[in-house]
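Results of the structural survey
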Amino acid sequence: MLNPPLFLNLGGSVANCTANLFDFKVCNRYMSKASQSRPSSLARKHTGKAKKYIFAFGSKTDGNAGMRELLGGKGANLAEMASIGLPVPPGFTISTEVCTYYYDHEMRYPPALKKDIVTALKQVETQLGKKFGARQNPLLVSVRSGARDSMPGMMDTILNLGLNDQTVEGLAEASGNPRFAWDCYRRFIQMYGNVVMGIHAKSEEEEDPFHEALEKLKKSLAITSDTELTTEHLKDLVKQYKALIAKLTREAFPQDVMQQLWGALGAVLGSWKNERAIIYRQQYGIPSEWGTAVNVQAMVFGNAGDQSATGVAFTRDPANGEKVFYGEYLMNAQGEDVVAGVRTPHGISDMKNSMPKSYRDLNNVRNKLERHFRDMQDFEFTIENGRLFILQTRNGKRTGLAAVRIAVEMQRERLISQKIALLKIPAESIDSLLVPVFDPKALKSATIIGYGLPAGPGAATGRIAFTAATAEIETRKGNKVVLCRTETSPDDLKGMLHSQGILTSRGGVSSHAALVARQLGKVCVCGAGEINISYEKRTLTAGKVVIREGEYISIDGSTGVIYKGAIESTDSEVKRVLERGFKPTSSLTYGLFQTVMKWADKYRSLKIRTNADTPEMARQAVAFGAEGIGLCRTEHMFFDGDRIDYMRQMILAVDEVQRHAALKKLLPFQRKDFIGLFKVMNGRPVTIRLLDPPLHEFLPHDDVVRRQLAEKLGVPFDFVIDRIKSLHEENPMLGCRGCRVGILYPEITEMQTRAIFEAAAQVVKGKKRIQVNPEIMIPLVGFKEELIDQLRIVHRVAREVMKAKKVRVNYIVGTMIEVPRAAITADEIAKEADFFSFGTNDLTQTTLGLSRDDMGLFYDEYQRKEIYNQNPFASLDQAGVGKLINLAVEKGRTVKPELKLGICGEHAGDPSSIDFCHRAGLNYVSCSPPRVPVARLAAAQAKLRNS
Ligand code: PEP
Ligand code: MG
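How each quantity is defined
- Residues numbered from 1 in each chain as written.
- Chains lettered and ligands numbered in written order.
- Predicted model: local features only at pLDDT ≥ 70, side-chain atom pairs only at ≥ 80, totals over all residues.
- Heavy atoms only, no water.
- Salt bridge = Lys/Arg side-chain N within 4 Å of Asp/Glu carboxyl O.
- Helix = DSSP H or I, 4+ residues; strand = E, 2+ residues; numbered from the N terminus.
- Buried < 20%, exposed > 50% of the residue type's maximum accessible area, 1.4 Å probe, protein only.
- Donors = N, O, S within 2.8 Å, 3.2 Å for Na, K, Ca; no water.
- Near = heavy atom within 4 Å.
- Polar contact = N/O pair within 3.5 Å; in protein donor to acceptor, adjacent residues only side chain to side chain.
- Areas by Shrake-Rupley, 256 points an atom, 1.4 Å probe, with all protein chains shown as cover.
- Nonpolar A, V, L, I, M, F, W, Y, C, P; charged D, E, K, R; others polar.
- pLDDT = per-residue confidence, 0-100.
- Contact = heavy atoms within 4.5 Å.
- Patch = residues over 30% accessible without salt bridge, like charges linked within 9 Å, V, L, I, M, F, W, Y side chains within 5 Å.
- Lys, Arg positive; Asp, Glu negative; His and termini not counted.
- Charge placed at Lys NZ, Arg CZ, Asp CG, Glu CD.
- Expected span 1.5 Å × (residues − 1).
- Pairing = 2+ DSSP bridges.
- Axes fitted to C-alpha atoms, helices over the stretch in contact; angles between N-to-C directions.
- Parallel < 35°, antiparallel > 145°, perpendicular 65-115°, else oblique.
- Left-handed = near helix turned anticlockwise from the far one by under 90°.
- Phe/Tyr/Trp six-rings, centres within 6.5 Å; stacked < 30°, edge-to-face > 60°.
- Lys NZ or Arg CZ within 6 Å of the ring centre and 35° of its normal.

Moving on, we get to the pattern of salt bridges. Any two side chains of opposite charge can pair if their charged atoms end up close together. If you walk through the whole model with that rule in mind, you get 54 salt bridges. A salt bridge links Glu380 to Arg144, with the shortest nitrogen-to-oxygen separation between them at 3.4 Å. Here Arg144 lies in strand β5 (residues 141–147) and Glu380 lies in strand β11 (residues 377–384), a separation of 236 residues in the sequence. Since its relative accessible area comes to 13%, Glu380 is described here as buried. Here Arg144 falls in the buried class, since its relative accessible area comes to 9%. The shortest N-O distance in the salt bridge between Asp375 and Arg398 comes to 3.0 Å. Remark: Arg398 occurs in the loop between β12 (387–395) and α16 (400–412) and Asp375 occurs in the loop between α15 (356–373) and β11; sequence separation between them is 23 residues.

Distances from the magnesium ion (ligand 2) to its protein donors, Glu818 (OE) and Asp842 (OD), fall at 1.9 to 2.0 Å. In this pair, Glu818 is assigned in the loop between β30 (812–817) and α32 (820–824) and Asp842 in helix α34 (residues 840–848), connecting sequence segments 24 residues apart. As far as the burial class goes, Glu818 and Asp842 line up, both buried.

In the neighbourhood of ligand 1, 15 residues make up the surrounding shell, with Arg633, Gly839, Asn841, Asp842 and Arg852 lying closest. With respect to ligand 1, the backbone of Gly839 contributes an N or O atom lying 3.3 Å from an oxygen atom. Side-chain polar atom of Arg852 to an oxygen atom of ligand 1: 2.7 Å apart, as the coordinates give it. Contact with the protein chains hides 100% of the accessible area of ligand 1, taken as 290 Å² for the molecule alone. Elements with a contribution of two residues or more to the shell around ligand 1: β27 (629–633) and α34. The dominant element in the shell around ligand 1, judged by the number of residues it contributes, is α34, at three residues. Residue composition of the shell around ligand 1, grouped by class: four nonpolar, four polar and seven charged.

When pLDDT is averaged along the chain, the result is 88, and 91% of the positions lie at 70 or above. Within the model, the stretch residues 1–48 combines pLDDT values under 50 with 127 contacts to residues more than four positions away or in other chains.

Let us look at a positive patch on the surface. On the surface, a cluster of positive charge is contributed by Lys765, Arg769, Lys805 and Lys806. Turning to its location among the elements, Lys806 is positioned in the loop between α31 (784–805) and β30.

Positionally, Arg506 belongs in the loop between β18 (501–504) and α21 (512–520). Under the relative-accessibility criterion, Arg506 is labelled partly exposed at 30%. Taking the C-alpha atoms as reference points, Arg506 and Ala455, separated by 51 residues in sequence, lie 13 Å from one another.

Now for helix α9 (residues 209–220). With 12 residues, α9 should reach 16 Å at 1.5 Å per residue; the first-to-last C-alpha distance of 16 Å fits that figure. Inspection of α9 places Pro209, Phe210, His211, Ala213, Leu214, Leu217 and Lys218 among the buried residues, and these make up the whole buried set. Looking at the residues trailing α9, positive phi occurs at Ala222, about 55°.

On to the sheet that holds strand β20 (residues 531–534). Here we have three strands laid out as an open sheet, ordered β20-β21-β22, and antiparallel in their pairing. Only two strands of the sheet have a single neighbouring strand rather than two, namely β20 and β22 (545–548). Each strand of the sheet is rotated relative to its neighbour by a mean of 20°, with strand direction disregarded. Two elements, β20 and strand β21 (residues 539–542), share four bridges in a ladder whose sense is antiparallel. For Ile531, the partnering residue across the bridge sits in β21 and is Ala542.

A few words on helix α5 (residues 96–104). Most of α5 sits inside the fold, with seven of its nine residues counted as buried. Those residues of α5 not exposed but buried are Thr96, Glu97, Val98, Cys99, Thr100, Tyr101 and Tyr102. Among the residues trailing α5, Glu106 stands out with phi positive, at a value near 45°.

If you trace the backbone, Ala79 turns up in helix α4 (residues 68–83). Judged by its relative accessible area of 1%, Ala79 falls in the buried class. For the pair Ala79 and Gly91, spaced 12 residues apart in sequence, the C-alpha separation works out to 9.4 Å. Other than its neighbours up to four places away in sequence, Ala79 contacts Phe57, Thr61, Gly63 and Asn64.

Glancing now at the pairing of β22. Across four bridges, β21 lies against β22 in antiparallel orientation. Residue Thr539 lies in a different strand from β22, and its bridge partner there is Arg548. Linking β21 back to β22 in an antiparallel pair, the connection comprises two residues, with Gly543 at a positive phi of about 60°.

Let's shift gears to the packing of α4 against α15. The contact between α4 and α15 brings their axes to 12 Å, and the two run at 115°. Between α4 and α15, the crossing angle belongs to the class labelled roughly perpendicular. For the crossing formed where α4 meets α15, the hand is right-handed. Taking contact as the criterion, the partners of Asn77, Glu80 and Met81 in α4 are, on α15, Leu369, His372 and Phe373. Taken together, the residues of the contact of α4 with α15 sort by class into three nonpolar, two polar and one charged.

A complete count under the given rule lists 21 aromatic pairs for this structure. The ring of Phe55 is capped by Lys52, whose NZ or CZ atom sits 4.9 Å from the centre of that ring. If you follow Arg148 out to its NZ or CZ, it ends over the ring of Trp290, 3.8 Å from the centre.

This is how it looks when you write it as structure tokens:
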């Protein structure tokens, strides 16, 4: 009934928990973010006296890693690094409360902020012996965003702030390197022009005007690298950039450094609400009220000469989790060059030769960071004239495979406990061990056209799309797409979400493309230098091979290989072993899967069931660890072959006789299916829901099919049309469905109950004497009388069949809670029911008054305005629907303390909803078979987090 929602929430929260403070409390507070609301406990601590908005780091440090609510992840970790003696350039963090104030007060700042910033700047000046805005020895700063959860590349950053026509000369003198000073100045003007003054490329196909001017200049000089530009060239570029700004904005580039700082602060705060940040927040369930902190930090310079460099490093490989020092750097460059992927950097191991001392320093920092934070760190560094500085550290974004491997291996290294290891694996990561791989047979004949860096594992095949917009359009048409870009920018996020995979010709493993792909669980190959992408010609060229937009390409994000054309993929090893009984090979994935599942089962208290309607689905779910069926939608058993016709015959019947005739044909199918399910489930509980057909889903809409149906049923075409008309409902979702069908046509309930008990009798009495535990479930109940009506039929038929077959079947009868009235009167209903199962698809629909079938019309706007934090059909609306569930649990258990409680809506496979179900005291969650492993892990995490 419900299209499975696009669900990509990787629950990065777990991986982002600062493990050094382990300190479960910190982790708990952080991870149960869905239940948090402002003001935070930290914020409250500061009320009463003048509120502290600014927190210094450096020789005097006010914060620590546990203060990410207030300082954002970046600010909190800068403070932590400063306090453990790592070489962090000094600075200060403007707290997230300034951001919330700013948005609550029509873009105004707290009155005291101005004075506080001046004081904080003074402290930095004193530590460094430099002065902000002074001609002599000027202090330059970076201004960076920093939310509680890192949102890489989604918000704005400004570097080299504090440069103007005067201070550039001072920097040239102080550094003895005029080329470097002018390089900083031209970079700053470009960034400021982009971020603060709003100058951008006009379309996806066009270049940014500053970049265009730079490329034009290089072309005219017949040079390819920025480092070949001389001081004079850079001065010329500065002139051109300033003229560009004046022309495009009718404003001069500001020379007043305080004006620059306030401009940057406003832009960074403003970027909290830019489109890509909003999309990102939706994706990861980050509440918009959190706001971002802003970090102002003294600049150090990786572009100060040939003993200078800048880079990004990971303490372990973020793509596969291997314990190797991983990362990349650029000589004589600034950080943005690495992250933006405009130049393909060197691998970190090259530094052993080019800068051996710096490599050793860096490796020491790597070890210290990992031991301290007890998690894989992704850190940015700058080497200025041989001296190492660390600019930021965070728990590194990683692929699902890496998340699992790092957690398991860190536990084996005794860096973390089993419980912490479990908490560190975003539950969705388990899916990465189940992702398809290219079919080895198909690979033999595939044409390799190039290689890139493997940046997001898995196999992806799709039509080439060169822009994010094309990717989105093609996907909406139902086509699979691989987004191919020279490099990606954060604006491509939406297109990336729509793509099977991402291929870039430039950029390294820490480029934006790689970072985001990893986090989204997308297949990604980046920095494929032999590939040439022309947006103009709409072609991708690799040697002599030319592929056009819309043609197929395949990429393997585990190996970095790029293939021409489409390639079949096949199941992962874990699936082959679990579902088809293959012998595990020596590969990692199966071992990791088993370890994590074993640990999860040890800690969780929620049972995991599955929603399965066929023996195949049930078999898969059991292989994945399902402990029962929580929902068998019996109407789904009638979609196949002739069955749909009998079902339609039954729906179209005008009287009981006709209906009985159709039901008689359906009974053997139904019985056979139940036998299949009972056998596969081998004594595990099987919840069978009686018919719940919103009629429109079963009746043919097309006249050709209607005519065929008339012929098959031997009735006139007009009869079918008239009958369909007479059954028409304006609101079928709220119409003749659920228990209303069984109340209107008791013979349907009778037939289904008979099928269940006849099947049970046959299985129980069969050779293998398999136990059967059916749990019969009545849908869409709102009044206890509805339940009583159906219970009478079920118990009567059960008695009749058991007597006739001389068998006893252990069964229970319960109801779904799918409408608010059922939740509100749960105490009355519980008197009649043996169990409740929350049908949160309908409960969301009926509580929010929101159709689960057509949210399309307004949903985009709702997302843009952040009215819904997340799609309420994907992640439970805990503040609304959740309250009804809590009420029903409380009322139900008051009447029957042992009342069995479960959930079988789509939310049962969503980790944060599972956390809610645990807290609400449910006994089980029932999700689709492929989600069972995720649910097992999420259930264990819920237990650990809430204990
Ligand atoms: C539900 O409403 O949550 C449910 C499981 O039932 P269905 O999706 O079949 O309506
Ligand atoms: Mg329902």
